[in-house]
Amino acid sequence: MSSITLTINGQKVSARPGQTVLKAAQAAGIDIPTLCHHPALTASGGCRICLVEVSGQRALQPACTFPVADRMEIQTESPKVVRARKFVLELLFSERNHFCMACEMSGSCELQTLGYRYGLDHWAYPTYTQRFPVDASPPHHLMDHNRCVLCRRCVRACAELVGNHTLDVRQRGAHSMLCADMDLPLGESTCISCGTCVNVCPTGALVDKRSAFMAQPKDVVRVATICTQCSLGCGLHVVMHRGQVLRLESQWEAPVNGGLLCRRGRFEALQDPRPRLLEPRIRENGRSSPASWNYALSEAAHHLHNETPERLGMLASTRLTNEALALLNAIFVKQLRAAHRGTVSVDIPAFPFAPCGKLADMVASDFILLVEADPARDQPVASFFIKRAVDRGTRLVTVESRSTELTAFAEVSFIPRDMGIAVDLVQAADRPVVLCGGGLRKNEAELLRRAQPKARFIPLVAGVNTLTAAAFGLINRIDPAACRTLFIAAADESGALDPAAARIDPATFVIAMASYASPLTERADLVLPMATWLERSGGFTNTEGTLLRAHAALPPSGQSRSDWDILGRLAERLGLDAGAARAEIPRCDA
Ligand code: SF4
Ligand code: SF4
Ligand code: SF4
């Protein structure tokens, strides 16, 4: 039977067999209130807020778990249902301290919203006056047990989405308490501070420290963009209030990560303490002083134009947009034919395959081979997908020179010399996925290639927009000491630049395009201030080979400009055909 018909509140509704009452009602535009339910999590039916009357059933049933049946009749707001919901709400409000006026979530709490919806101006039970601790031990979030309604969304999110299993509920009945591991403070537990639990908590129990009490949801603006801290390009929302960034939140519909973010992407990306570069600067007669954009770009073009290809070098960050990398290719490869080209902090070998899989393929996979990669360190959200798959029974096998956090999750770990055995296992699986971090010797790569017809291959590349940089031939280390003129598009790279700065010959003329001050920009003769990841739009090709689009949440600070804007103006001054350069930009509509 492809579809069945039921009646909800007198309205005929079509549904799929096996669908829950909640999903069928939502598809028909009928609202049923929920509390413990979250669309990204399995339904638990724990809070009883979504109770509905179902024909033929003696008791009210939770809509989030009760399956539809043909000709079923359902009432979602009958007097009996409303009475039951109010009763549940009275219990929840009386159980802990829900003094909304002193709560960060007031105005956006799902419990509070339900209280208003059902006119809960008092309750018959004594208010619970016991004080519970507030656990502020994690670096970026806190847990206020006084506000917890024990809906277990956070417990399910940590287990089902992150695969971390840090949270649970200890004791029973009125003594139930959320806990981390064997009742440790969160900051001392196995919590990896990804913030997924904070994002799903419906009350003010789990709170982001940075943005607490800053603004209510009705007053904020959300900008959808991607994280550019690693090569996954996870989709996220930048939450803005009066032009300020409050926090980064999950974008549940994001195609790459399905709402998951790691600690670096959710919290640390907003905490760069380095001083910003806000104006072009030029060093003349040994002194660095501010310059106009016009003068700085003309000087840059003059030095580049007059350098010989043999003594000209260019280093690019993989944090640049597709547009900027295409322009660098047009300027330094095609026009100036610079002999020295490379990337700033990434050095990856060629992969023996092209990407043909997505992280989401791991959901249905029965076998994952992880080769010379440490995703828990380098692409944490990919490690969440792996741990989730292992939880569901997918076999994980690793081939690695040194153990990583995921080694403990593997059924077996091989050294690279035993690649052939691992490839045999891939070939014996039904839906294998191979994640490869590179660093393979030629014979190991050849063996891995044998798995290609069957397996979905996902390279786990270092850096960020590394696949586009590789496509433009930038992945080869250069010796900055060999260059007389050196253009470094450093973007907002971290300390990885400092060794490069140390190797530059004192006589070399250095042009640095960067967002933050560093030993490199101190050394540079010409500094072109660049917008940060939050301040510029542009395309990125992620490690799956998917074209993604970043959207600026803020205008560029000071006089800084987007990478492609600076390079486009430089190209014009070099007499370049900007149209031809633009034709090579990888296209994306995302
Ligand atoms: S902390 Fe939040 S999500 Fe977790 S059980 Fe309590 S109310 Fe629910
Ligand atoms: S922050 Fe992440 S790892 Fe820590 S408890 Fe929450 S979901 Fe689990
Ligand atoms: S996994 Fe990478 S892209 Fe995703 S949130 Fe973390 S740092 Fe950002």
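Thresholds, definitions, all that
Residues numbered from 1 in each chain as written. Chains lettered and ligands numbered in written order. Predicted model: local features only at pLDDT ≥ 70, side-chain atom pairs only at ≥ 80, totals over all residues. Heavy atoms only, no water. Helix = DSSP H or I, 4+ residues; strand = E, 2+ residues; numbered from the N terminus. Contact = heavy atoms within 4.5 Å. Near = heavy atom within 4 Å. Nonpolar A, V, L, I, M, F, W, Y, C, P; charged D, E, K, R; others polar. Buried < 20%, exposed > 50% of the residue type's maximum accessible area, 1.4 Å probe, protein only. Domains from an automatic or database assignment. Pairing = 2+ DSSP bridges. Axes fitted to C-alpha atoms, helices over the stretch in contact; angles between N-to-C directions. Polar contact = N/O pair within 3.5 Å; in protein donor to acceptor, adjacent residues only side chain to side chain. Arc of directions from axis to C-beta. Core = buried A, V, L, I, M, F, W, Y, C linked by side-chain atoms within 4.5 Å. Phe/Tyr/Trp six-rings, centres within 6.5 Å; stacked < 30°, edge-to-face > 60°. Lys NZ or Arg CZ within 6 Å of the ring centre and 35° of its normal. Right-handed = clockwise from strand over helix to strand, strands pointing away. Salt bridge = Lys/Arg side-chain N within 4 Å of Asp/Glu carboxyl O.

Moving on: the side chain of Thr196. Structurally, Thr196 can be placed in helix 5 (residues 196-200). Residue contacts for Thr196: discarding those within four places in its chain leaves Ala157, Leu161, Val162, Trp252, Leu260, Leu261 and Arg266.

A few words on the site of ligand 2. For ligand 2, the full set of nearby residues is His141, Cys158, Asn164, Leu167, Cys191, Ile192, Ser193, Cys194, Gly195 and Cys197. Tallied by class, the residues present in the shell around ligand 2 amount to six nonpolar, four polar and no charged.

Take the environment of Leu186 next. Along the chain, Leu186 falls in the loop between strand 9 (177-180) and helix 5. Classification of Leu186 as buried rests on a relative accessible area of 7%. Contact partners of Leu186, with chain neighbours within four places excluded, come to Asp135, Ser137, Pro138, His141, Met143, Leu167, Ala180 and Cys191.

This part covers the domain arrangement of the protein. The assigned domain composition of the protein is domain 1 (4-77), domain 2 (129-270), domain 3 (281-347 + 473-583) and domain 4 (359-460). Distance from the C-alpha centre of domain 3 to the C-alpha centre of domain 4: 36 Å.

Let's shift gears to the site of ligand 3. Every residue near ligand 3 is listed here: Cys227, Gln229, Cys230, Leu232, Gly233, Cys234, Leu261, Cys262, Gly265, Pro380 and Val381. Along the lines of polarity and charge, the residues of the shell around ligand 3 split into eight nonpolar, three polar and no charged.

Strands sit in the order 15-14-25-24-23-16-17 across an open sheet of seven strands; the sheet is mixed. Among the strands making up the open sheet, the edge pair consists of strand 15 (287-290) and strand 17 (340-343). Averaged over all neighbouring strand pairs, the angle between strand axes comes to 15°, with direction disregarded. Relative to strand 25 (residues 526-529), strand 24 (residues 509-514) is paired through four bridges, and the arrangement is parallel. Within strand 25, the position partnered with Ala514 by the bridge is Pro529.

A separate point is the environment of Asn306. Summarising the element assignment, Asn306 is placed in the loop between helix 7 (293-305) and strand 16 (312-316). Each C-alpha atom, one on Asn306 and one on Cys103, is 64 Å from the other, the two residues being 203 residues apart in sequence. Here the side chain of Asn306 touches His302 through a polar contact of 3.0 Å, landing on its backbone oxygen.

Next up on the list: helix 11 (residues 419-428). For helix 11, the full list of buried residues reads Met419, Gly420, Ala422, Val423 and Val426. With its buried residues spanning 160° around the axis, helix 11 presents them on a single face. Contacts made by the buried residues of helix 11 are with strand 18 (367-371), strand 19 (395-399), strand 20 (412-414), strand 21 (432-436) and helix 12 (442-449).

Time to look at the nonpolar core. If you look at the biggest cluster of nonpolar residues, it comprises 48 residues, and the most contacted ones within it are Val238, Leu359, Met362, Leu370, Val381 and Leu435. Only helix 4 (153-161), strand 11 (221-226), strand 12 (235-241), strand 13 (244-250), strand 18, helix 10 (380-391), strand 21 and strand 27 (547-550) provide two or more residues apiece to this core. Here this core takes six residues from helix 10, the largest share from any one element. The residues contacting Leu370, other than those within four sequence positions of it, are Pro375, Ile386, Leu396, Val397, Thr398, Val399, Leu406, Leu435 and Leu460. In this structure, Trp293, Ala469, Ala491 and Met530 belong to the second largest nonpolar core, which totals 41 residues.

Let's shift gears to the packing of aromatic side chains. Evaluation of the coordinates by the stated rule reveals three aromatic pairs. An angle of 70° between the planes, with centres 6.3 Å apart, marks the rings of Phe87 and Tyr125 as edge-to-face. Highlighted residues: Phe87 in helix 2 (residues 79-95) and Tyr125 in the loop between helix 3 (110-117) and strand 6 (134-135), separated in sequence by 38 residues. A relative accessible area of 42% means that Phe87 is categorised as partly exposed. Given a relative accessible area of 32%, Tyr125 falls into the partly exposed group. The ring of Tyr516 has Arg276 sitting right over it, with the charged end atom 5.8 Å from the ring centre. It is Arg388 that lies over the ring of Phe385; its NZ or CZ is 4.9 Å from the centre.

What follows is about the sheet that holds strand 22 (residues 456-459). Two orientations exist for strands paired in a sheet by backbone hydrogen bonds: parallel and antiparallel. The parallel open sheet is built from five strands, whose spatial order is 20-19-18-21-22. Where the open sheet ends on each side, the last strands, each with one partner, are strand 20 and strand 22. Strand-to-strand twist in this sheet, taken as the mean axis angle between neighbours without regard to direction, amounts to 20°. Here three bridges tie strand 19 to strand 20, and the two strands are oriented parallel to one another. Its bridge partner lying in strand 20, Val399 is registered against Phe414.

Moving on, we come to the pairing of strand 16. Within strand 16, five of the five residues are buried, which leaves it mostly tucked inside the rest of the structure. Examined bridge by bridge, strand 16 and strand 23 (residues 485-491) share five bridges and lie parallel to one another. Each bridged residue has a counterpart across the sheet, and for Leu312 the counterpart in strand 23 is Thr485. Where strand 16 meets strand 17, four bridges bridge the pair, whose relative direction is parallel. Residue pairing in the sheet places Ala316 in a bridge with Thr343 of strand 17. The handedness of the strand 16 to strand 17 crossover, carried by helix 8 (residues 322-335), is right-handed.

Moving on: helix 12. By the burial criterion, the buried members of helix 12 are Glu444, Ala445 and Leu448. Axial view of helix 12: buried residues confined to an arc of 100°, hence all on one face. Buried residues in helix 12 make contact with strand 18, helix 11, strand 21 and strand 22.

Phi at Asp183 takes a positive value of approximately 65°, unusual for a residue other than glycine. In this structure Asp183 comes out as partly exposed when scored by relative accessible area, which is 41%. One non-glycine residue with positive phi stands out, namely Phe213, at about 65°. When you line up the elements, Phe213 lands in the loop between strand 10 (206-208) and strand 11.

Another point: the pattern of salt bridges. By the definition in use, this model includes 26 salt bridges. As a salt-bridge pair, Glu77 and Arg85 come within 3.0 Å of each other at their nearest N and O atoms. A residue is classified by how much of its surface remains accessible, and Glu77, at 34% relative accessible area, is partly exposed. Two residues, Asp563 and Arg536, come together in a salt bridge whose shortest N-O distance is 3.8 Å. In this pair, Asp563 is assigned in helix 16 (residues 563-573) and Arg536 in the loop between strand 25 and strand 26 (538-541), connecting sequence segments 27 residues apart. Overall, the relative accessible area of 0% leaves Asp563 in the buried class. Take Arg536: its relative accessible area is 1%, and that puts it in the buried class. One continuous salt-bridge network, built from bridges that share partners, spans Asp31, Glu77, Arg85 and Arg117.

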